[in-house]
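An overview of the molecular structure
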Amino acid sequence: MSRPLFSRSFILMMAITCGVCAGSNYYNQPLIYAMAKSLHVTVEQSAVTIVISQFAYALGLIVLIPLGDKYSKRKIIISLMVISGLAQICISFSQQLWSLYVFTFIATTFSIASQVLIPFISSIVESEKMSEIIGTLMSGLFLGILLARSYAGIVTTFADWHLVYLSSGILLILLAVVMYFKLPIPTAPNQNLKLIQIYKSMFSIAMHSPQLIRRGCVGAMAFASMILALSTMAFVLANPPYLFSELYIGLFGFVGAAGVFATKWAGKQIDQAKEKFVAVLGCALLIIQWLLLYFAQKSLLVYVIGLLCGYSAISVLHVLNQSLILRSANETRSRQHSIYMFMYFMGAAIGSMAGLYAWYHWGWTGCCIVGLGFSLMTVFFDRLDRKQMQMTAL
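Residues numbered from 1 in each chain as written. Predicted model: local features only at pLDDT ≥ 70, side-chain atom pairs only at ≥ 80, totals over all residues. Heavy atoms only, no water.

1. Focus on the overall build of the chain
- For the chain, the count of helices and strands is 17 helices and zero strands.
- Here the C-alpha atoms of the chain give a radius of gyration of 20 Å, agreeing with the 21 Å that 2.2 N^0.38 yields for 394 residues.
- Seen through its C-alpha atoms, the chain measures out along the principal axes to roughly 55 × 45 × 40 Å.
- Put simply, the chain has 394 residues, and 60% of those count as buried.
- A separation of at least 24 residues holds for 84% of the contacts in the chain among residues at least 6 apart in sequence.
- Of the roughly 15900 Å² of accessible surface on the chain, a fraction of 70% belongs to carbon and sulfur atoms.
- Of the charged side chains in the chain, 25 are positive and 12 negative; the average position of the first set lies 4 Å away from that of the second. (Helix = DSSP H or I, 4+ residues; strand = E, 2+ residues; numbered from the N terminus. Rg over C-alpha atoms; globule rule 2.2 N^0.38 Å. Buried < 20%, exposed > 50% of the residue type's maximum accessible area, 1.4 Å probe, protein only. Contact = heavy atoms within 4.5 Å. Areas by Shrake-Rupley, 256 points an atom, 1.4 Å probe, with all protein chains shown as cover. Lys, Arg positive; Asp, Glu negative; His and termini not counted. Charge placed at Lys NZ, Arg CZ, Asp CG, Glu CD.)

The structure is reproduced here in structure tokens:
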């Protein structure tokens, strides 16, 4: 298949698709109080949806993404979007806690279309354009994650939280129709592969790809640090001294919009062989984030600046990790991407659980200590990987 030339408008459309797919997992974060009130349950019970979302997404990554090495990635992308969209529409009709849990699990498990789309596009574009396009798609993905909270907060303030999921589900299905007509038809994948071979081979790939595991650890710890801050945002802002409503909590998603532009910048820096600079900057911003967030309950401005540092850090580190992994991938591209993203979102699940536990047992100070610990572990794994890369280059 000849290398397709994607127009800027279609690259933008794919970035929007990545954002809607990934962002749908984060609507519940500013809505836990509204959900609890509507379903007549405790806030702790509604907050469980946050943990369900992260674990279900990680499950989808490890189970569904590898299918792209056997079946058409184009068909997989479209199918995932439709199933996730239908499940979100079902969430919008949930009137009981069990149905909220079940359809949240289904919607987030199948919301991984962006994680199939990114390696698919990276495999068919020119290599010199790959990092920049990945950066654009990752910008859309992160912007979707960030603005999902804002959208959920705004809609819930003027309507009802059920409308958030109804509108998102319909939009996702419409985008699936666009992808059906616009995505190129790829060359036939390896039909001789058996599913059991694919899943068995993932263990072999993990064992023989040490850099994949190291960069996966970098991504997991960095995302755990950031998700801890985001999963506790509603607690910080809904309680004294702020006492913000869902609207104002949701608007904090716009704070991260500034940091997300770092993804495209990082892609250009990596294309210029400045990986070390990007890594050092990302790690430094992660640590600065928690030094500032410690004062979140004293100064809203400092809290905002801390979040900006975190958003920027996770953006540049994720693009760096993706570029280092995908540039050396071959026919196992989907499986390598699956392993990395599984580790990445397991970090998110750990971060969300750690945040909820730390908040209820040690308060905000405990959250900051745990978050800083995740950041320091990110630095450790990044240093380990860069040292190994230097030794290999000798």
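2. Topic: the domain arrangement of the chain
- Taken domain by domain, the chain consists of domain 1 (1–181) and domain 2 (202–393).
- Between domain 1 and domain 2, the residue contacts involve 44 residues of the former and 52 residues of the latter.
- Approximately 4300 Å² of surface area, both sides summed, lies buried where domain 1 meets domain 2, with 72% of it carried by carbon and sulfur atoms.
- Connecting domain 1 to domain 2 are zero salt bridges. (Domains from an automatic or database assignment. Buried area = accessible area lost by both parts, 1.4 Å probe. Salt bridge = Lys/Arg side-chain N within 4 Å of Asp/Glu carboxyl O.)

3. A few points about the nonpolar core
- Grouped together as the largest cluster of nonpolar side chains are 128 residues, with contacts concentrated most on Met14, Ile121, Leu307 and Phe345.
- Here this core gets 16 residues from one element, more than from any other, and that element is helix α17 (residues 333–393).
- For this core, the domains that each give at least three residues are domain 1 (1–181) and domain 2 (202–393).
- Here Met14 is in contact with Phe6, Leu117, Ile121, Leu137, Met179 and Leu183, once residues within four sequence places are set aside. (Core = buried A, V, L, I, M, F, W, Y, C linked by side-chain atoms within 4.5 Å.)

4. Remarks on the environment of Phe342
- Mapped onto the elements of the fold, Phe342 is located in helix α17.
- Using a relative accessible area of 26% as the deciding quantity, one classes Phe342 as partly exposed.
- In sequence terms Phe342 and Gly216 are 126 residues apart; their C-alpha atoms lie 8.4 Å from each other.
- Ignoring sequence-local partners within four residues, the contact set of Phe342 consists of Ala58, Leu61 and Ile62.

5. Quick look at the packing of helix α2 (residues 32–39) against helix α3 (residues 43–64)
- The geometry of α2 relative to α3 is characterised by a closest axis approach of 8 Å and an angle of 125 degrees between their N-to-C directions. Here α2 is positioned oblique relative to α3, judged by the angle of their axes. Relative to α3, α2 is oriented so that their crossing is right-handed. Within the contact between the two elements, α2 uses Ile32, Tyr33, Met35 and Ala36 and α3 uses Val43, Ser46, Ala47, Thr49 and Ile50. (Axes fitted to C-alpha atoms, helices over the stretch in contact; angles between N-to-C directions. Parallel < 35°, antiparallel > 145°, perpendicular 65-115°, else oblique. Left-handed = near helix turned anticlockwise from the far one by under 90°.)

6. Quick notes on the packing of aromatic side chains
- Overall, the coordinates contain 19 aromatic pairs when judged by the stated rule.
- Ring geometry for Trp161 and Tyr165: centres 6.2 Å apart, planes at 85 degrees, overall edge-to-face. With Trp161 and Tyr165 both in helix α8 (residues 161–182) and four residues apart, this pair spans about one turn of that helix.
- A relative accessible area of 1% places Trp161 in the buried class.
- When the ring of Phe244 is compared with that of Tyr248, the centres are 5.9 Å apart and the planes differ by 45 degrees; the resulting orientation is tilted. (Phe/Tyr/Trp six-rings, centres within 6.5 Å; stacked < 30°, edge-to-face > 60°.)

7. Some points on empty space enclosed by the protein
- Under the defined criterion, the tally for this structure stands at three cavities of 30 Å³ or more.
- Taken as a whole, the largest cavity spans an internal volume of roughly 70 Å³.
- Looking at the largest cavity, it is lined by 10 residues, and the ones nearest its centre are Phe142, Ile145, Leu146, Tyr311 and Ile314.
- Residue assignment for the lining of the largest cavity shows that the elements contributing at least two residues are α7 (127–158), α10 (210–231) and α16 (300–326). (1 Å grid on protein atoms, 1.4 Å probe; cavity = no way out; pocket = protein on both sides within 12 Å on 5 of 7 lines; lining within 4 Å. Points joined across faces, edges and corners; volume = space filled by probe spheres on them.)

8. Details of the packing of helix α1 (residues 8–23) against helix α6 (residues 113–124)
- Orientation of α1 relative to α6, taken along the N-to-C sense of each, is 150 degrees, at an axis distance of 8 Å. Taken together, the axes of α1 and α6 are roughly antiparallel relative to one another. Across from Met14, Cys18, Cys21 and Ala22 in α1, the residues of α6 making contact are Ala113, Ser114, Leu117, Ile118 and Ile121.
- The residue makeup of the contact of α1 with α6, split by class, is eight nonpolar, one polar and no charged. (Nonpolar A, V, L, I, M, F, W, Y, C, P; charged D, E, K, R; others polar.)

9. Regarding α6
- If you check α6, its first and last C-alpha atoms are 17 Å apart, about what 12 residues at 1.5 Å a residue would give, namely 16 Å.
- Burial analysis of α6 places 11 of its 12 residues in the buried class, the great majority of the element.
- Within α6 the residues assigned to the buried category are Ala113, Ser114, Gln115, Val116, Leu117, Ile118, Pro119, Phe120, Ile121, Ser122 and Ile124. (Expected span 1.5 Å × (residues − 1).)

10. As for the pattern of salt bridges
- As enumerated under the stated definition, the model contains four salt bridges in all.
- Two residues, Arg214 and Asp385, come together in a salt bridge whose shortest N-O distance is 2.7 Å. With a gap of 171 residues between them, Arg214 in helix α10 and Asp385 in helix α17 connect regions that are remote in the sequence. Taken as a pair, Arg214 and Asp385 share a single burial class, namely buried.
- Here Asp382 and Arg215 are joined by a salt bridge, their closest N and O atoms 3.1 Å apart. Of this pair, Asp382 sits in helix α17 while Arg215 sits in helix α10, placing them 167 residues apart in sequence. Taken individually, Asp382 and Arg215 each receive the classification buried, so the pair is uniform in this respect.
- Within this structure, Arg214, Arg215, Asp382, Asp385 and Arg386 form a network of salt bridges that share partners.

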